[in-house]
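Structure assessment
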Amino acid sequence: MTDLPAELLPATRRALLHRLAVAQAEGRTPSMVAGVLRDGQPVWSGARSMVDGHAPTPDVQYRIGSLTKTFVAVLVLRLRDEGLLDLADPLSRHLPGTPADEATVVQLLAHSSGLTAETPGPWWERTEGSLRPGLDNLLEAERPLKHPAGRVHHYSNPGYALLGALVTKLRGEPWGEVLRREVLAPLGMDRTTLLPEHPHAGGFAVHPWADVLLPEPLTDTGLMGPAGQLWSTVADLARWAAFLTTGDDKVLSAESLAEMRCPAVAPDDAEWTSGYGLGLQLRRHEGRLLYGHTGSMPGFTAGLWISEADGLAAYALSNATSGAASASALAAQLIALTAELEPRLPEPWRPLPAVDAELVELTGPWYWGAAPAALRLRPGRVLELTPLTGTGRGSRFRPEPDGTWTGVENYFAGETLRVVRHPDGTVSHLDIGSFVYTREPYGPAGAVPGGVDPEGWRTF
């Protein structure tokens, strides 16, 4: 983006600090830290603490809970992109002998496997992983499925423990070590760890009816670690948010990240206020579509949200088990507040760097039957089809080496656009997955499937 200051305006920074202070005070949390990213760059961070004259620095670790799942999902997508697994594979193909043998990898990623939400007792979040020494200890032996596989979103912490075990099996080393080498080190996230490293916050429960604290245990959850074990800092979460926004070919491509944030099953509610992709939560907040993840473990809450439309990301961490204002809610509020006070500037219009006469010739009106659409040429030889009446079918199409284009969204996602030419080389029509577009409504009979009435258009 251009014409934006390196930092937010003073009034915006003051408003964000006020929102953080309100969240810490009303949520009665010992401390809260937060930050905002704009167009991939950190532009604000803040902290509040119950200790006078002291606030945590951006280098202080907090437990991030289920934000861990976003890291595990990236590891699994890396395996897919390397051809070591297919998302449609049943777990038993790579990790046989668990109570979830028939669950597919994509179902586990999307929490649509139907598996139970939690492990058999005792509560895994407050107990040591040594109590669950094997994968068969993570699910009920009698009835691990609570819903038909693939039908509904039912959040499953053991499902992500199995994904971590899958990474371990295919890489031949513990998933945490794989994460450090393949993801954290390339992104410079050296303060994100499986176990806390100094300096780190202590986790607390706050009494619901009195202003007193109770320390929470800082457990090593063992095999359940992929569901919520990680510790991190706001400085590292800034790097993670930047990666989740644009991708990094050293870790995972932008195309695979875009796949992660597409809804994988039906939304949780009729109003589509929330949903889930592949390791990423989707949420609507004040009219904005956000993607990211929430997190909580005894003594901590966490939240990271990204608004692609606004070019903003926000993240927040707290060290209280629960409160009136969670870190997740704060992160969403920081995005809304920043977008309201400093709305994103559109990129300046610029002409294409070069003229391709054959592509320019394709632009303009086309008709699917009698339905009009416009084809526009975008940077990078991308073609964009837009319906001109009603909702219609539209998409952007990326160029392929063989001279065709592939749809990247909506109804035509994955479908091929071909330019069909006459023997003399002039353009006859467009073929998009067998849908024929001509230059006039129901154009030449030879191009339109089923032909065109020889008497043509008429009146009665």
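Residues numbered from 1 in each chain as written. Predicted model: local features only at pLDDT ≥ 70, side-chain atom pairs only at ≥ 80, totals over all residues. Heavy atoms only, no water.

**Quick word on the side chain of serine 318**
Spelled out, the test is: The helix count covers DSSP runs of H or I at least four residues long, the strand count covers runs of E at least two residues long, and both are numbered beginning at the N terminus. Accessibility here uses a 1.4 Å probe with only protein chains present; expressed as a share of the type maximum, an area under 20% marks a residue as buried, one over 50% as exposed, and anything in between as partly exposed. Polar contact is defined as a pair of N or O atoms within 3.5 Å, subject to the rule that within protein one atom must be able to donate a hydrogen and the other to accept it, and that residues adjacent in sequence are counted only when both atoms are side-chain atoms. In this description, contact between two residues means that some pair of their heavy atoms is separated by no more than 4.5 Å.
With respect to the helices, strands and loops of the structure, serine 318 is situated in strand E11 (residues 312-318). By relative accessible area, serine 318 is classed as buried at 4%. A distance of 2.6 Å separates the side chain of serine 318 from the side chain of threonine 301, its partner in a polar contact. Setting aside anything within four residues of it in sequence, one finds serine 318 in contact with Thr29, Ser31, Met32, Tyr62, Gly299, Phe300, Thr301 and Ala327.

**Quick look at the environment of proline 444**
Tracing the backbone through its elements, the reader meets proline 444 in the segment after strand E19 (435-437). In this structure, the C-alpha to C-alpha distance between proline 444 and histidine 429, residues 15 residues apart in sequence, is 9.1 Å.

**A look at the pairing of strand E12 (residues 364-368)**
So the rule is basically this: Each pair of strands is called paired provided DSSP finds at least two bridges between the two strands.
Pairing geometry for E12 and strand E13 (residues 371-378), over 5 bridges, is antiparallel. Note that in E13 the partner of tryptophan 366 across the bridge is alanine 373. A loop of 2 residues connects E12 with E13, the two strands running antiparallel in sequence, and glycine 369 in this loop sits at a positive phi of about 65 degrees.

**Remarks on the packing of aromatic side chains**
Put simply, the rule is: By convention, a stacked pair of Phe, Tyr or Trp rings (six-membered ring in the case of Trp) has centres within 6.5 Å and planes under 30 degrees apart, an edge-to-face pair has planes over 60 apart, and any other such pair is tilted. Whether a charge sits over a ring comes down to the Lys NZ or Arg CZ being within 6 Å of the ring centre and within 35 degrees of the ring normal.
Taken as a whole, this structure holds 11 aromatic pairs when the rule is applied. Between tyrosine 62 and phenylalanine 300, the ring centres sit 6.3 Å apart and the planes meet at 85 degrees, which makes this aromatic pair edge-to-face. In this pair, tyrosine 62 sits in strand E3 (residues 62-63) while phenylalanine 300 sits in strand E10 (residues 300-307), placing the two residues 238 residues apart along the sequence. Assigned by exposure class, tyrosine 62 and phenylalanine 300 land together as buried. Feature note: the residues Trp368, Phe397, Tyr411, Phe412 and Phe435 constitute an aromatic cluster, connected by ring pairs. One residue, lysine 69, lies across the ring of tyrosine 160, its end atom 5.9 Å from the ring centre. Here the basic side chain of arginine 393 rests over the ring of tyrosine 411, its NZ or CZ set 4.1 Å away from the ring centre.

**Examining the packing of helix H2 (residues 68-81) against helix H5 (residues 175-187)**
Note the threshold: Under this scheme, a helix contributes an axis fitted over its contacting stretch, all axes are lines through C-alpha atoms, and angles between N-to-C directions fall in the 0 to 180 degree range. For classification, angles of less than 35 degrees are called roughly parallel, those exceeding 145 degrees roughly antiparallel, those between 65 and 115 degrees roughly perpendicular, and all remaining angles oblique.
For the pair H2 and H5, the least separation of the axes is 11 Å and the interaxial angle reads 80 degrees. Judged by the angle between their axes, H2 and H5 are roughly perpendicular. Contacts between H2 and H5 involve Thr68, Phe71, Val72, Val74, Leu75 and Arg78 from the first element and Trp175, Val178, Leu179, Glu182, Val183 and Leu184 from the second.

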